[in-house]
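# Observations on the three-dimensional arrangement
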Amino acid sequence: MKFREVFRFAFAGLKANKLRSALTTLGILIGVGAVILLVAVGKGSGAQVQANIDKLGTNLLEVSRQAGGFGARASRNTGTQSTVSALTLADAQALVDPVNAPDVLDEAPVVTASPTATYQGATHPIAQLVGTYPAYLTATNWQIAEGSSITDDDVSQARKVIVIGQTVATDLFGTADPVGRQVMINSVPYSVEGVLQAKGSSGLQDADDFAIAPLTTVQDSLSGFGSLNQIVVQAKSAGATTAAQDEITSILTARHHLSATASPDFRVLNQQSLLATSSSTTHTFTVLLGAVAAISLLVGGIGITNIMLVTVTERTREIGIRKALGAPRAAILGQFLIEAVMLSLIGGALGVAAGLIGTRFTVAGVKPVIVPASIALAFAVSALIGLFFGSFPANRAAKLHPIQALRHE
């Protein structure tokens, strides 16, 4: 019997039970669609993490205080909790050393506050106001959309100037141009020098609810001349961040008089290390999502086996008649295998379409990113599942004895 005739019989069998065929393809459809969509969500999550780190700067390092060290100072190595050294302006300046820190390009000391800004009756609590140096904007990838940035002269003369984020500008000034206008920051007048380019939201945090002012100005009018909250360090390149981290650790360990066995009273956050960790976690997360989705493909395959067994039972007399008329075993086997594979392929094609449609929507705050390999793999697996799970019912049909099949009620 020719393949064309075998295919025609298989298609006629599927067409005779349209509802059953449609329900059988549904399991494969869900499985393939879930694999494509969930892998795309995992990929999108990784892309989102990458974008957030790129916004901060790939060659950025952040030095902050770390409380709770034991035996921090060599002179006080008693095994009890030690006094944590403050981060000072001298610490920050010591990090820019061509001899001891050749991989460090620049530094920016940081103090923070969360003041309230007012302008002609409009009030806005700024989520974060950073007092720092001009180098901070370069290190953290902030760009100026309007006006200008703070300058070294602003810092040295403690001028009351400020650069505000888009959220602050919109809430205080609406559609008016903020540059050159005067706002009250905790009742202290500041002149708006510029507006930052929008960075958008990161999770629950609005990155544009932000402002930058000279370090000395913020210390003078808001935070006081105490310790720094942070030191932002810019490495010479993204590849030099690990070396720069080691140099920073060595310099601060010496400046804070820490013993070799002491717990550090500071922490250096490396964006490249954070990116590598996040990428590894996201990859694991994506694989896990794909594995969970693949389970539904197996469930769909089991569904194919069950439906095909029912089909073989219902069509036993038909099989007996065809065998009595001379149909070879291979033709019966091929017919039912083709039916199973066709069900899988139809379900797989519809699943690909459903998965691609699903990736056009945001899922749990993540914009899915299509992975072409997942589409090809999911579709290929759907065909193999039809072949694998359809082989048992097809083989059972092919083994039926003509006389026993004809006697079947």
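Residues numbered from 1 in each chain as written. Predicted model: local features only at pLDDT ≥ 70, side-chain atom pairs only at ≥ 80, totals over all residues. Heavy atoms only, no water.

With respect to the helices, strands and loops of the structure, Thr-140 is situated in the loop between helix H4 (135-139) and strand E6 (144-147). With 94 residues separating them in the primary sequence, Thr-140 and Gln-234 have C-alpha atoms 8.4 Å apart. A polar contact of 2.6 Å, which involves the side chain of Thr-140, links it to the backbone oxygen of Tyr-136. (Helix = DSSP H or I, 4+ residues; strand = E, 2+ residues; numbered from the N terminus. Polar contact = N/O pair within 3.5 Å; in protein donor to acceptor, adjacent residues only side chain to side chain.)

Before going further, it helps to spend a moment on the pattern of salt bridges. Counting across every chain of the model gives 2 salt bridges. Put simply, Arg-255 and Asp-91 hold a salt bridge, and the shortest N to O gap is 2.6 Å. Here Arg-255 is found in helix H8 (residues 241-255), whereas its partner Asp-91 is found in helix H3 (residues 89-94), with 164 residues between them in sequence. Taking the relative accessible area as the measure of exposure, Arg-255 reaches 37% and is therefore partly exposed. (Salt bridge = Lys/Arg side-chain N within 4 Å of Asp/Glu carboxyl O. Buried < 20%, exposed > 50% of the residue type's maximum accessible area, 1.4 Å probe, protein only.)

Here we take up the packing of helix H11 (residues 329-358) against helix H12 (residues 372-399). Two numbers describe how H11 lies on H12: the axes approach to 7 Å, and their chain directions differ by 155°. In terms of orientation, H11 lies roughly antiparallel with respect to H12. For the crossing formed where H11 meets H12, the hand is right-handed. The class makeup of the residues in the contact of H11 with H12 is 18 nonpolar, 7 polar and 2 charged. (Axes fitted to C-alpha atoms, helices over the stretch in contact; angles between N-to-C directions. Parallel < 35°, antiparallel > 145°, perpendicular 65-115°, else oblique. Left-handed = near helix turned anticlockwise from the far one by under 90°. Nonpolar A, V, L, I, M, F, W, Y, C, P; charged D, E, K, R; others polar.)

Our next topic: unusual backbone geometry. Within the chain, Asn-141 stands out as a residue other than glycine whose phi angle is a positive 65°. A relative accessible area of 33% places Asn-141 in the partly exposed class. If you check the backbone angles, Ser-187 has positive phi at about 70° while not being a glycine. Summarising the element assignment, Ser-187 is placed in the loop between strand E8 (182-185) and strand E9 (188-196).

Below, the discussion takes up the packing of aromatic side chains. Taken as a whole and judged by the stated rule, the model has 3 aromatic pairs. With a centroid separation of 5.0 Å and 10° between ring planes, the pair formed by Trp-142 and Phe-210 is classed as stacked. Taken together, the residues Trp-142 in the loop between H4 and E6 and Phe-210 in strand E12 (residues 210-214) connect sequence positions 68 residues apart. One exposure class covers both Trp-142 and Phe-210, and it is buried. Aromatic pair Phe-388 and Phe-389: ring centres 5.1 Å apart, planes at 85°, arrangement edge-to-face. By relative accessible area, Phe-389 is classed as buried at 16%. The ring of Trp-142 is capped by Lys-199, whose NZ or CZ atom sits 4.2 Å from the centre of that ring. (Phe/Tyr/Trp six-rings, centres within 6.5 Å; stacked < 30°, edge-to-face > 60°. Lys NZ or Arg CZ within 6 Å of the ring centre and 35° of its normal.)

The next point concerns the pairing of strand E13 (residues 230-235). Regular strands place their side chains on alternate faces of the sheet. Within E13, 5 of the 6 residues are buried, leaving the element largely enclosed by the surrounding structure. Sheet topology places strand E1 (residues 60-65) next to E13; 5 bridges connect them, and they run antiparallel. Bridge pairing links Val-63 to Ile-231 in E13. Two elements, strand E2 (residues 104-113) and E13, share 6 bridges in a ladder whose sense is antiparallel. Bridged to Val-110 within E13 is Gln-230. (Pairing = 2+ DSSP bridges.)

Turning next to the nonpolar core. Of all hydrophobic cores here, the largest spans 58 residues; its most connected members are Val-63, Tyr-136, Ile-162, Ile-164, Val-183 and Ile-248. Looking at which element gives the most residues to this core, the answer is E9, with 5 residues. Those residues in contact with Ile-248 that sit more than four places away from it in its chain are Leu-61, Val-63, Leu-95, Val-104, Val-233 and Val-268. Among the nonpolar cores identified, the runner-up in size contains 25 residues, and Val-35, Val-352, Ile-375 and Phe-389 belong to it. (Core = buried A, V, L, I, M, F, W, Y, C linked by side-chain atoms within 4.5 Å. Contact = heavy atoms within 4.5 Å.)

Here we take up the confidence of the model for the chain. The predicted model of the chain averages 82 in pLDDT, with 85% of residues at 70 or higher. Low pLDDT, under 50, characterises residues 68-82; the predicted model gives this stretch 32 contacts beyond four residues in sequence or across chains. (pLDDT = per-residue confidence, 0-100.)

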